[in-house]
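Listed below are the residues making up each chain.
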Amino acid sequence: MNYVSERNKTEYRLKRRKRRHLRVRKKVVGTPERLRLVVFKSNKHIYAQLVIDYPFGPCKVITSASTLSPEIREKIANLKGIEKAKEVGRLIAERAKKFGITKVVFDRAGYKYHGKVKALADGAREGGLEF
């Protein structure tokens, strides 16, 4: 593809990811029995949320975790990206257990199941969540 500028290339990639996410969201639905674990990556941080999708109306976020969470911020200061993502996965699993949640559906949000996204999923599994 011929991109006029770097910005157009970035916008194109974002549109493609959002399109993939919508395709995934058709099949992945969070119910009260089995919540949806959503991942979002920025250039610096990674975020995870547990969400209930109601049939009619807005979604509800039950709990969340990120590399900005105070519990793990000092702990992950010297770690690399994949290790940070794994710690976020463990933290979201720990917070889910406080709400009595053990089963979730993993929503990779259009990202490849590779690298940080996979590490977050592995950390959540190690923390006790079932996918």
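Residues numbered from 1 in each chain as written. Predicted model: local features only at pLDDT ≥ 70, side-chain atom pairs only at ≥ 80, totals over all residues. Heavy atoms only, no water.

### Observations regarding the layout of surface pockets
If you roll a probe as big as a water molecule over the atoms, it shows you where there is empty space left. For the record, the criterion: In this analysis, the protein atoms alone were mapped onto a 1 Å grid. Cavities are point sets where a 1.4 Å probe fits without being able to get out; pockets are open sets with protein on both sides within 12 Å along at least five of seven lines; lining residues have an atom within 4 Å of a point. Grid points are joined across faces, edges and corners, and a volume is the space filled by probe spheres set on the points. Helix and strand assignments follow DSSP, with helices taken as H or I runs no shorter than four residues and strands as E runs no shorter than two, numbered in order from the N terminus. Residue type decides the class: Asp, Glu, Lys and Arg count as charged, Ala, Val, Leu, Ile, Met, Phe, Trp, Tyr, Cys and Pro as nonpolar, and the leftover types, Gly among them, as polar.
Taken as a whole, the largest pocket holds about 470 Å³ of empty space. Breaking the lining of the largest pocket down by element, the ones donating at least two residues are helix H1 (6-25) and strand S1 (35-41). Per-element tally for the lining of the largest pocket: the top contributor is H1, with 8 residues. Grouping the amino acids of the lining of the largest pocket by side-chain chemistry returns 3 nonpolar, 4 polar and 9 charged.

### A look at helix H3 (residues 81-98)
Operational definition: Working rule for helices: expected span equals 1.5 Å times residues minus one. Per-residue accessibility, obtained with a 1.4 Å probe over protein chains only, is compared with the maximum for each type, and a residue is labelled buried under 20%, exposed over 50%, and partly exposed between these values.
In this model, H3 (18 residues) spans 26 Å end to end at C-alpha, consistent with the 26 Å of a helix rising 1.5 Å per residue. Along H3, the positions that sit buried rather than exposed are Ala85, Glu87, Val88, Gly89, Leu91, Ile92, Ala93, Arg95 and Ala96. Looking at the residues trailing H3, positive phi occurs at Gly100, about 80 degrees.

### Some points on the nonpolar core
Where a protein is soluble and globular, its nonpolar side chains tend to be buried together. To keep things clear, this is the line we draw: Nonpolar core, defined: a set of buried Ala, Val, Leu, Ile, Met, Phe, Trp, Tyr and Cys residues in which side-chain atoms within 4.5 Å join the residues together. Between two residues, a contact is recorded if the distance between any of their heavy atoms is within 4.5 Å.
Judged by nonpolar contacts, the single largest core of 27 residues is most densely connected at Leu37, Leu50, Val88, Ile92, Phe106 and Leu120. Every element with two or more residues in this core is listed here: S1, strand S2 (46-52), H3, strand S4 (104-107) and helix H4 (116-126). Leave out the neighbours within four places in its chain, and Ile92 touches Leu37, Ala48, Leu50, Thr63, Ser64, Ala65 and Ala124.

### Looking at a positive patch on the surface
To be explicit about the condition: A residue counts toward a patch only above 30% relative accessible area and without a salt bridge, and it is joined to like-charged neighbours within 9 Å or, for Val, Leu, Ile, Met, Phe, Trp and Tyr, to nonpolar neighbours within 5 Å. Exposure was quantified through the Shrake-Rupley algorithm and a 1.4 Å probe, taking into account, for residues, occlusion by the shown protein chains and nothing else. Only one rule defines a salt bridge in this text: a Lys or Arg side-chain nitrogen within 4 Å of an Asp or Glu carboxyl oxygen. Charge counting follows a simple rule: Lys and Arg are positive, Asp and Glu are negative, and His as well as the terminal groups are ignored. The location of each charge is read from NZ of Lys, CZ of Arg, CG of Asp or CD of Glu.
A grouping of Lys15, Arg16, Arg19, Arg23, Lys26 and Lys27 is seen on the molecular surface, where their side chains present a positively charged patch. By secondary structure assignment, the location of Lys27 is in the loop between H1 and S1. Owing to a relative accessible area of 74%, Lys27 belongs among the exposed residues under this scheme.

### Focus on the packing of aromatic side chains
Heads up, the rule is: Here the aromatic set is Phe, Tyr and Trp, taking the six-membered ring for Trp, and pairing holds for ring centres within 6.5 Å; pairs whose planes are under 30 degrees apart are stacked, those over 60 apart are edge-to-face, and all others are tilted. Placement of a positive charge over a ring is assigned whenever Lys NZ or Arg CZ falls within 6 Å of the ring centre and within 35 degrees of the normal to the ring plane.
Per the stated rule, a full pass over the model turns up 3 aromatic pairs. With centroids separated by 5.3 Å and ring planes inclined at 15 degrees, the aromatic side chains of Phe106 and Phe131 adopt a geometry described as stacked. Note that Phe106 is positioned in strand S4 and Phe131 in the segment after H4, a separation of 25 residues in sequence. A residue is classified by how much of its surface remains accessible, and Phe131, at 29% relative accessible area, is partly exposed. By the ring-pair criterion, three or more aromatic residues cluster together here, those being Phe106, Tyr113 and Phe131. Its guanidinium or amino end placed over the ring of Phe131, Arg125 lies 4.5 Å from that ring's centre, counting from NZ or CZ.

### With respect to the pairing of S4
We count it as follows: Pairs of strands are assigned from DSSP output, requiring at least two bridges between the strands.
Burial along S4 is two-sided: the face carrying Val104 and Phe106 and the face carrying Val105 and Asp107 are both buried. In terms of strand pairing, S1 meets S4 through 4 bridges, oriented parallel. When the bridges of S4 are listed, Leu37 appears paired with Phe106.

### What about the environment of Leu37?
Along the chain, the position of Leu37 falls in strand S1. By relative accessible area, which is 0% here, Leu37 ends up buried. Distance from Leu37 to Ser64, taken between C-alpha atoms, is 9.2 Å for residues 27 residues apart in sequence. Residues in contact with Leu37, not counting those within four places in the same chain, are Ala48, Gln49, Leu50, Ile92, Val104, Val105, Phe106, Asp107, Leu120, Ala124 and Phe131.

### With respect to the pattern of salt bridges
As enumerated under the stated definition, the model contains 9 salt bridges in all. Of the charged contacts, one joins Arg36 and Asp107 as a salt bridge, the two residues approaching to 2.8 Å between their closest N and O atoms. Separated by 71 residues along the polypeptide, Arg36 in strand S1 and Asp107 in strand S4 bring together distant segments of the chain. A single burial state applies to Arg36 and to Asp107, both of which are buried. Linking Arg95 and Glu71 is a salt bridge whose minimum nitrogen-to-oxygen distance equals 2.7 Å. Of this pair, Arg95 sits in helix H3 while Glu71 sits in helix H2 (residues 70-73), and the two are 24 residues apart along the sequence. Among the residues examined, Arg95 registers a relative accessible area of 15% and is labelled buried. Exposure remark for Glu71: the relative accessible area of 48% places this residue in the partly exposed category. One network of salt bridges, in which partners are shared, links Lys75, Lys86, Glu87, Arg90 and Glu126.

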